[in-house]
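The residues making up each chain are set out below.
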Amino acid sequence: MKIGYARVSTTDQNPELQLDALKKAGCEQVYKDKISGAKADRPGLKEALDYARKGDCLVVWRLDRLGRSLKHLISTVEDLEKRGVGFASLQEGFDTTTSGGKLVFQIFGALAEFERNLIRERTKAGLEAARSRGRVGGRKEKLSVDQVETMKKMYESRSHTIKEICKVFRISKPTFYRYMEK
């Protein structure tokens with residue numbers, strides 16, 4: 001039996017493309033998650049893995065839908081293999097029930113991890129280059145220096161509650177406390 005697993009990272013993404021492809025591939029049972037692949041606790045994946053029996057094949061639309069690290073991917077596929085369950089990826093076109101499929105899986109996994117590491121390194125280098133030119137990342141401060149001073153005076157006067165101060169400056173309580181700590 002083919003068991004499908006679909007995952008999207010955010011709730012505003014739509015898994016329909018994956019679900020259609022899994023159904024077309026002959027998956028009789030399909031499980032899905034709307035959660036980041038980096039999260040260890042994915043209920044849909046757990047259900048799919050628990051449901052799979054010897055002779056079944058877990059099918060995903062793309063390799064990165066199962067996991068984001070090579071270690072996790074290999075661990076999951078090895079666990080499936082020990083249980084006599086195959087693994088197939090539709091986009092990459094391989095099936096671990098064959099020797100060639102196992103080889104292709106390991107190569108694709110290594111390449112995917114290599115690509116993520118390159119992206120991470122480029123991002124880090126870009127941020128460092130921007131910092132060296134004096135650019136600071138992150139959001140702009142919500143309040144100006146004068147507004148912070150006024151806010152602190154209002155707080156120290158004890159004539160206004162924190163809730164009132166937050167309402168005047170249109171900030172949340174955590175933002176208020178962050179400014180007070182500075």
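Since the structure is predicted, the reported quantities are computational estimates derived from the model, not experimental observations.

Engineer: I would appreciate a short explanation of the overall build of the protein chain in the present structure.
Structural biologist: A count of helices and strands for the protein chain gives 7 helices and 5 strands. N-terminal to C-terminal, the α/β element order of the protein chain is β-α-β-α-β-α-β-β-α-α-α-α. For 182 residues, the compact-globule estimate of 2.2 N^0.38 gives 16 Å, and the protein chain exceeds it by more than 25% at 25 Å. Relative to its full complement of 182 residues, the protein chain shows a buried share of 33%. Considering only residue pairs separated by 6 or more positions, the protein chain has 63% of its internal contacts joining residues 24 or more positions apart. About 12300 Å² of surface is accessible on the protein chain, with carbon and sulfur atoms providing 52% of the total. Separation of charge centres in the protein chain, based on 37 positive and 25 negative side chains, amounts to 5 Å.

Engineer: What exactly am I supposed to notice about unusual backbone geometry here?
Structural biologist: When glycine is set aside, most residues are seen to have a negative phi, and most peptide bonds are trans. Positive phi is not limited to glycine here, since arginine 158 has a value of about 60°. By secondary structure assignment, the location of arginine 158 is in the loop between helix 5 (145-157) and helix 6 (162-169). Non-glycine residue arginine 170 carries a positive phi angle of around 55°. Structurally, arginine 170 is set in the loop between helix 6 and helix 7 (173-181).

Engineer: It is not clear to me how the packing of helix 5 against helix 7 should be interpreted in this structure. Could you clarify?
Structural biologist: At a closest axis distance of 11 Å, the pairing of helix 5 and helix 7 adopts a crossing angle of 95°. As the angle between them shows, helix 5 and helix 7 are arranged roughly perpendicular. Facing Val148, Met151, Lys152 and Tyr155 of helix 5, the residues of helix 7 in contact are Phe176, Tyr179 and Met180. Here the residues of the contact of helix 5 with helix 7 are counted per class, giving 6 nonpolar, no polar and 1 charged.

Engineer: Hey, could you run me through the nonpolar core in this one?
Structural biologist: Side chains of nonpolar character tend, in soluble globular proteins, to be buried together. Among the nonpolar cores identified, the biggest contains 18 residues, and Leu58, Leu66, Phe87 and Phe105 are the most heavily contacted of them. Elements represented by at least two residues in this core include exactly strand 1 (2-8), helix 2 (43-51), strand 3 (57-60) and helix 3 (70-82). In this structure, Met154, Ile165, Cys166 and Phe169 belong to the second largest nonpolar core, which totals 11 residues.

Engineer: Even after reading the chapter, I still don't get the layout of surface pockets, so can you show me in this structure?
Structural biologist: In this approach, a probe sized like a water molecule rolls over the atoms, and the result shows the empty space that is left. Approximately 270 Å³ is the volume attributed to the largest pocket. Contributing to the lining of the largest pocket are 11 residues, with Arg62, Asp64, Ala112, Glu115 and Arg116 lying nearest its centre. Among the residues making up the lining of the largest pocket, the classes are represented as 4 nonpolar, no polar and 7 charged.

Engineer: How should a nonpolar patch on the surface be read in this particular structure?
Structural biologist: Together, Leu103, Ile107 and Leu111 make up an exposed nonpolar region whose accessible area comes to about 290 Å². The topology assignment puts leucine 103 in helix 4 (residues 99-132). Using a relative accessible area of 52% as the deciding quantity, one classes leucine 103 as exposed.

Engineer: I keep staring at the sheet that holds strand 1 and nothing clicks. Help me out?
Structural biologist: Hydrogen bonding along the main chain pairs the strands of a sheet, whether they run parallel or antiparallel. The mixed open sheet is built from 5 strands, whose spatial order is 2-1-3-4-5. Either end of the sheet is taken by a strand with one partner, and the two such strands are strand 2 (29-34) and strand 5 (94-95). Alignment of strand 1 against strand 2, held across 6 bridges, turns out to be parallel. Directly across from tyrosine 5, in strand 2, lies its bridge partner tyrosine 31.

Engineer: Got a minute to help me understand helix 5 in this structure?
Structural biologist: Helical geometry note: an α-helix holds 3.6 residues per turn, so side chains three or four residues apart project in the same direction. The terminal C-alpha atoms of helix 5 lie 18 Å apart, and with 13 residues this matches the ideal 18 Å at 1.5 Å per residue to within 8%. Every buried residue of helix 5 is listed here: Val148, Met151, Lys152 and Met154. Buried residues along helix 5 cover an arc of 160° about the axis, so they all sit on one side. Exposed positions of helix 5 whose direction lies more than 90 degrees from the buried face are Val145, Asp146, Lys153 and Glu156. Residues of helix 5 that are buried in the fold lie against helix 6 and helix 7. Arginine 158 lies just past helix 5 and shows a positive phi near 60°.

Cut-off values and rules
Residues numbered from 1 in each chain as written. Predicted model: local features only at pLDDT ≥ 70, side-chain atom pairs only at ≥ 80, totals over all residues. Heavy atoms only, no water. Helix = DSSP H or I, 4+ residues; strand = E, 2+ residues; numbered from the N terminus. Rg over C-alpha atoms; globule rule 2.2 N^0.38 Å. Buried < 20%, exposed > 50% of the residue type's maximum accessible area, 1.4 Å probe, protein only. Contact = heavy atoms within 4.5 Å. Areas by Shrake-Rupley, 256 points an atom, 1.4 Å probe, with all protein chains shown as cover. Lys, Arg positive; Asp, Glu negative; His and termini not counted. Charge placed at Lys NZ, Arg CZ, Asp CG, Glu CD. Axes fitted to C-alpha atoms, helices over the stretch in contact; angles between N-to-C directions. Parallel < 35°, antiparallel > 145°, perpendicular 65-115°, else oblique. Nonpolar A, V, L, I, M, F, W, Y, C, P; charged D, E, K, R; others polar. Core = buried A, V, L, I, M, F, W, Y, C linked by side-chain atoms within 4.5 Å. 1 Å grid on protein atoms, 1.4 Å probe; cavity = no way out; pocket = protein on both sides within 12 Å on 5 of 7 lines; lining within 4 Å. Points joined across faces, edges and corners; volume = space filled by probe spheres on them. Patch = residues over 30% accessible without salt bridge, like charges linked within 9 Å, V, L, I, M, F, W, Y side chains within 5 Å. Salt bridge = Lys/Arg side-chain N within 4 Å of Asp/Glu carboxyl O. Pairing = 2+ DSSP bridges. Expected span 1.5 Å × (residues − 1). Arc of directions from axis to C-beta.

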